[in-house]
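# Summary of the model geometry
Now for the letters of each chain:
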Amino acid sequence: MNNYSKNLRHRPWSKLFLVVAGLVAIVAAIVFGIAVGETPIPIDVVYHVLSNRLLDTAFPVVPIDNGIVWNYRLPRTLVAACCGAGLAISGVILQSLLRNALAEPYLLGISAGASTGAVLVAIVGVGGGLVSMSVGAFLGAVLAFALVALLAHAAGGDGLRNGSQIVLAGIAGSQLFNALTSLIITKSGSAEQARGIMFWLLGSLSGVRWGDVGLAFPVALFGCCVCLLQARALDAFIFGTDSAASLGIAVRRVQLTMLLVAALMTAVMVSIVGAIGFVGLVIPHTARMMVGVRHQVLIPASMFLGAVFLIVADVAARVLIPGQVLPIGVITALVGAPVFAVMLLKNGRRRA
């Protein structure tokens, strides 16, 4: 625990400062995400459009700029913020429960399972129209992690205690569900539909609209609130399940609740934007370096950083190659893969 984290314990106003700074950073990132793109929008035009829509003012705005800002870039940026926050918090949950620095939804097969569930609903029509992509993704995410946990247990792990074993099982499960997803797309979809789905699976915000904001925002907010309510329990898990139980924590109940919350957030975000990797790995570690390990501070810090990170990644995906939009998962992988490699090397040196 660093000095900044210790100071937060004794100075409550520092938590308020963190929240205010995080909100300011998110607002700045949202304005940046709206203004920057293939067609740049001046900041004053962004302000005029938002003011007209939210405050019912009457600033003169060109209709095409109004459409770009309100109907395209603003919902896209808000969903990016919600997805970044949700995936970052999911990473915090998994790393705390498993006591493994490499745990995150993408590596544990949760994202892959969610993708398979979403594709089954979208292409095969599982559920007969009564099951949404988000529900299918949630069921796929839960099934994937259950299979990963069973595989880790069969390989000699002790429930959720052996984080390294679960990470290895997660990598295997991720490959399995990715293969199932590819098989479903190849067998059931047309060539055009397959191309669209494969691009979506790499992470795409191109088709995001206001309805997606109405789904992503409540889920991200719900996940953050549940995690904050369980912040003390997550702190206890840092010292292991036995220590948590000795402190009066209902270990199994907390584990099940938090894993379901992580699966829910991951599934909803995957059903909207596809499988985006490494956000749940990079952001929690960055937040720990900034604010320490106490979850009462770590959770909101991860939420803010994740939101800003994915907004910036989406802007990079739009402008990196002129005239072409890259899958956002490519950008996050370019950042996350080197960080993952560095963490592997550090863990190996510590054990040596």
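Above this note sits the structure.
Now for a description of the structure that goes with this document. From a predicted model like this one, the values you see are computed outputs, not experimental measurements. (Residues numbered from 1 in each chain as written. Predicted model: local features only at pLDDT ≥ 70, side-chain atom pairs only at ≥ 80, totals over all residues. Heavy atoms only, no water.)

## Topic: the pattern of salt bridges
- According to the stated counting rule, one finds 2 salt bridges in the structure shown.
- Asp-314 serves as the salt-bridge partner of Arg-76, at 2.9 Å between the closest nitrogen and oxygen. Note that Arg-76 is positioned in helix α4 (residues 63–98) and Asp-314 in helix α14 (residues 295–319), a separation of 238 residues in sequence.
- Taking the relative accessible area as the measure of exposure, Arg-76 reaches 1% and is therefore buried.
- Between Arg-318 and Asp-314 there is a salt bridge; the shortest N-O distance is 3.4 Å. Of this pair, Arg-318 and Asp-314 are both found in helix α14, 4 residues apart, which corresponds to roughly one turn of the helix. Of the two residues, Arg-318 and Asp-314, both sit in the buried class.
- Connected via shared salt-bridge partners are Arg-76, Asp-314 and Arg-318. (Salt bridge = Lys/Arg side-chain N within 4 Å of Asp/Glu carboxyl O. Helix = DSSP H or I, 4+ residues; strand = E, 2+ residues; numbered from the N terminus. Buried < 20%, exposed > 50% of the residue type's maximum accessible area, 1.4 Å probe, protein only.)

## Focus on the side chain of Ser-302
- One can find Ser-302 in helix α14.
- Note on Ser-302: relative accessible area 0%, which makes it buried.

## So, the environment of Ala-80
- Looking at the secondary structure, you find Ala-80 in helix α4.
- The exposure class of Ala-80 is buried, given its relative accessible area of 1%.
- For the pair Ala-80 and Leu-202, spaced 122 residues apart in the sequence, the C-alpha separation amounts to 14 Å.
- With residues near it in sequence (within four places) discarded, Ala-80 still touches Leu-205, Ala-307, Leu-310 and Ile-311. (Contact = heavy atoms within 4.5 Å.)

## Considerations on the packing of aromatic side chains
- Tallying each qualifying case throughout the model produces 3 aromatic pairs.
- Judged by centre distance (5.8 Å) and plane angle (40°), the rings of Tyr-106 and Phe-278 are tilted. With Tyr-106 in the loop between α4 and α5 (110–124) and Phe-278 in the loop between α12 (251–273) and α13 (279–291), this residue pair connects regions lying 172 residues apart in the sequence.
- Judged by its relative accessible area of 30%, Tyr-106 is partly exposed.
- By relative accessible area, Phe-278 is classed as buried at 12%. (Phe/Tyr/Trp six-rings, centres within 6.5 Å; stacked < 30°, edge-to-face > 60°.)

## Details of the packing of helix α9 (residues 210–229) against α14
- At a closest axis distance of 9 Å, the pairing of α9 and α14 adopts a crossing angle of 165°. One finds that α9 runs roughly antiparallel with respect to α14. Both α9 and α14 take part in a crossing whose hand is right-handed. Every residue of α14 that contacts α9 at Cys-224, Cys-227 and Leu-228 is listed here: His-295, Gln-296, Ile-299, Pro-300 and Met-303. (Axes fitted to C-alpha atoms, helices over the stretch in contact; angles between N-to-C directions. Parallel < 35°, antiparallel > 145°, perpendicular 65-115°, else oblique. Left-handed = near helix turned anticlockwise from the far one by under 90°.)

## Concerning helix α3 (residues 43–55)
- The end-to-end C-alpha separation of α3 is 17 Å, in line with the 18 Å expected for 13 residues at 1.5 Å each.
- The positive-phi residue at the C-terminal boundary of α3 is Asp-56, with phi of around 60°. (Expected span 1.5 Å × (residues − 1).)

## Remarks on a nonpolar patch on the surface
- Side chains of Leu-16, Val-20 and Val-24 sit close together on the surface and give an oily, nonpolar patch of about 280 Å² of accessible area.
- If you trace the backbone, Val-20 turns up in helix α2 (residues 12–35).
- By relative accessible area, Val-20 is classed as partly exposed at 44%. (Patch = residues over 30% accessible without salt bridge, like charges linked within 9 Å, V, L, I, M, F, W, Y side chains within 5 Å. Areas by Shrake-Rupley, 256 points an atom, 1.4 Å probe, with all protein chains shown as cover.)

## So, the nonpolar core
- With 98 residues, the main nonpolar core has Val-79, Ile-93, Leu-108, Val-119, Met-258, Met-269 and Val-273 as its most contacted residues.
- No other element matches α4, which puts 18 residues into this core.
- Contacts of Val-119, omitting those with residues within four sequence positions, involve Val-124, Thr-181, Ile-184, Ile-185, Ile-197, Trp-200 and Leu-201. (Core = buried A, V, L, I, M, F, W, Y, C linked by side-chain atoms within 4.5 Å.)

## Regarding the state of the cysteines
- This model, assessed by the stated rule, comprises 0 disulfides.
- Residue Cys-83 stays outside any disulfide, its sulfur separated by 6.9 Å from that of Cys-82, the closest cysteine.
- Under the relative-accessibility criterion, Cys-83 is labelled buried at 0%.
- Among the cysteines around Cys-224, which has no disulfide bond, Cys-225 carries the closest sulfur, lying 5.8 Å off.
- The exposure class assigned to Cys-224 is buried, which follows from its relative accessible area of 5%. (Disulfide = S-S within 2.5 Å.)

## Focus on the side chain of Ser-174
- With respect to the helices and strands, the residue Ser-174 is situated in helix α7 (residues 163–188).
- The exposure class assigned to Ser-174 is buried, which follows from its relative accessible area of 7%.
- Setting aside anything within four residues of it in sequence, one finds Ser-174 in contact with Tyr-106, Gly-109 and Ala-112.

## Some points on unusual backbone geometry
- Positive phi, close to 60°, is recorded for Asp-56, a residue that is not glycine.
- Accessibility expressed as a relative area gives 69% for Asp-56, which makes it exposed.
- Here Arg-99, not a glycine, exhibits a phi torsion of approximately 55°, which is positive.
- Looking at where Arg-99 falls in the secondary structure, it is placed in the loop between α4 and α5.
- On the basis of relative accessible area, Arg-99 is assigned to the exposed category, the value being 53%.

Function-wise, these values are silent; they only describe arrangement.
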